[in-house]
Amino acid sequence: TQLLEQSPQFLSIQEGENLTVYCNSSSVFSSLQWYRQEPGEGPVLLVTVVTGGEVKKLKRLTFQFGDARKDSSLHITAAQPGDTGLYLCAASWEYGNKLVFGAGTILRVKS
Amino acid sequence: EAGVAQSPRYKIIEKRQSVAFWCNPISGHATLYWYQQILGQGPKLLIQFQNNGVVDDSQLPKDRFSAERLKGVDSTLKIQPAKLEDSAVYLCASSFVFQRGGRGNNEQFFGPGTRLTVL
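Values in this document were obtained by computation on a predicted structure and should not be read as measured data.

## Remarks on the layout of surface pockets
Here's step 1: Each pocket or cavity is described by its volume, and for the second largest pocket that value is around 570 Å³.
Here's step 2: Lining the second largest pocket we find 27 residues, and of these A:Q37, A:L86, B:Q37, B:L39 and B:R115 sit closest to its centre.
Here's step 3: For the lining of the second largest pocket, the per-class residue count stands at 11 nonpolar, 12 polar and four charged.

## Describing the pairing of strand β3 (residues 19-24) of chain B
Residue and element names in this part refer to chain B.
Here's step 1: Every second residue of β3 is oriented toward a common face, the buried set being V19, F21 and C23 and the non-buried set A20, W22 and N24.
Here's step 2: Sheet topology note: the strand β1 (residues 5-7)/β3 ladder contains three bridges and is antiparallel. Paired with A5 across the bridge in β3 is N24.
Here's step 3: Sheet topology places β3 next to strand β8 (residues 75-79); five bridges connect them, and they run antiparallel.

## Some words on the state of the cysteines
Here's step 1: Evaluation of the coordinates by the stated rule reveals two disulfides over all chains.
Here's step 2: Note that A:C23 is cross-linked by a disulfide to A:C89, the S-S spacing being 2.1 Å. Across the S-S bond linking A:C23 and A:C89, the dihedral sits near 75 degrees, which makes this disulfide right-handed. Note that A:C23 is positioned in strand β3 (residues 19-24) and A:C89 in strand β9 (residues 85-92), a separation of 66 residues in sequence. Of the two residues examined, A:C23 and A:C89, each falls in the buried class.
Here's step 3: Linked covalently through their sulfurs, B:C23 and B:C92 form a disulfide whose S-S length is 1.9 Å. Every disulfide takes its handedness from the sign of the S-S torsion; for B:C23 and B:C92 that torsion is -70 degrees, giving left-handed. Here B:C92 lies in strand β9 (residues 88-95) and B:C23 lies in strand β3, a separation of 69 residues in the sequence.

## Quick notes on the sheet that holds β8(B)
Residue and element names in this part refer to chain B.
Here's step 1: Sheet architecture is open: four strands sit in the order β1-β3-β8-β7, paired in antiparallel fashion. Pairing within the sheet leaves two strands with one partner each, and these edge strands are β1 and β7 (65-68). Taking the axes of each pair of neighbouring strands and ignoring which way they run, one obtains an average angle of 15 degrees across the sheet.
Here's step 2: In this structure, β7 lies alongside β8, joined through four bridges in antiparallel fashion. Bridging from a neighbouring strand, E68 pairs with T76 of β8.

## Considering the environment of B:P112
Here's step 1: Assignment of secondary structure puts B:P112 in the loop between β10 (109-110) and β11 (114-118).
Here's step 2: The exposure class of B:P112 is buried, given its relative accessible area of 17%.
Here's step 3: Remark: the alpha-carbon pair of B:P112 and B:V55, spanning 57 residues in sequence, is separated by 23 Å.
Here's step 4: Contacts of B:P112, omitting those with residues within four sequence positions, involve A:G40, A:E41, A:G42, B:V4, B:Q6, B:R9 and B:L91.

Basis of the calculations
- Residues numbered from 1 in each chain as written.
- Chains lettered and ligands numbered in written order.
- Predicted model: local features only at pLDDT ≥ 70, side-chain atom pairs only at ≥ 80, totals over all residues.
- Heavy atoms only, no water.
- 1 Å grid on protein atoms, 1.4 Å probe; cavity = no way out; pocket = protein on both sides within 12 Å on 5 of 7 lines; lining within 4 Å.
- Points joined across faces, edges and corners; volume = space filled by probe spheres on them.
- Nonpolar A, V, L, I, M, F, W, Y, C, P; charged D, E, K, R; others polar.
- Buried < 20%, exposed > 50% of the residue type's maximum accessible area, 1.4 Å probe, protein only.
- Helix = DSSP H or I, 4+ residues; strand = E, 2+ residues; numbered from the N terminus.
- Pairing = 2+ DSSP bridges.
- Disulfide = S-S within 2.5 Å.
- Axes fitted to C-alpha atoms, helices over the stretch in contact; angles between N-to-C directions.
- Contact = heavy atoms within 4.5 Å.

Structure (structure tokens):
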């Protein structure tokens, strides 16, 4: 059974600070997705990465896929209270669409 | 475009009772997923449908959980009888197509979920 480890589990920071969330596995991913989930809602896809070493940017969010395709990171620059939520990584290890989710990182940005 | 609809949003039952959840996916989406999200954990796939056929139900506790998608559109997930450990949010998601054999980049669109509390 493939597992995804996310760290940290919880992060509480002040508005304007930078942060990084990590997602790791012992097995090579086929693809990896990052989602954001707000209370009472379902997860919403932020990005999909499939190529080792790939970097994608979405406004203040930077997503990186490790060269060996076993890890990924999400970096947020100048965090804002609106970034508060649960950040989930989800990976697929086989060619297909079955996703396995990590436990998530709860981010709280205080104004 | 309407999103994935789920009902009810909340349900409280006693252990050993039965419960059913309903999902209406985005129009035209062939693939439908049911996930269980226990507090403090990420979503875990219970069952995946392609049209009205089951693609993956390897993590569905089949002694008490059942799901169907008879006409390839709406789906229902049933628990009978419920246990305390079934307390969770049940998420339904849909995607346009399931690409077997490809580096799937199919975005899954999630509904708001049904929060189940078993007392």
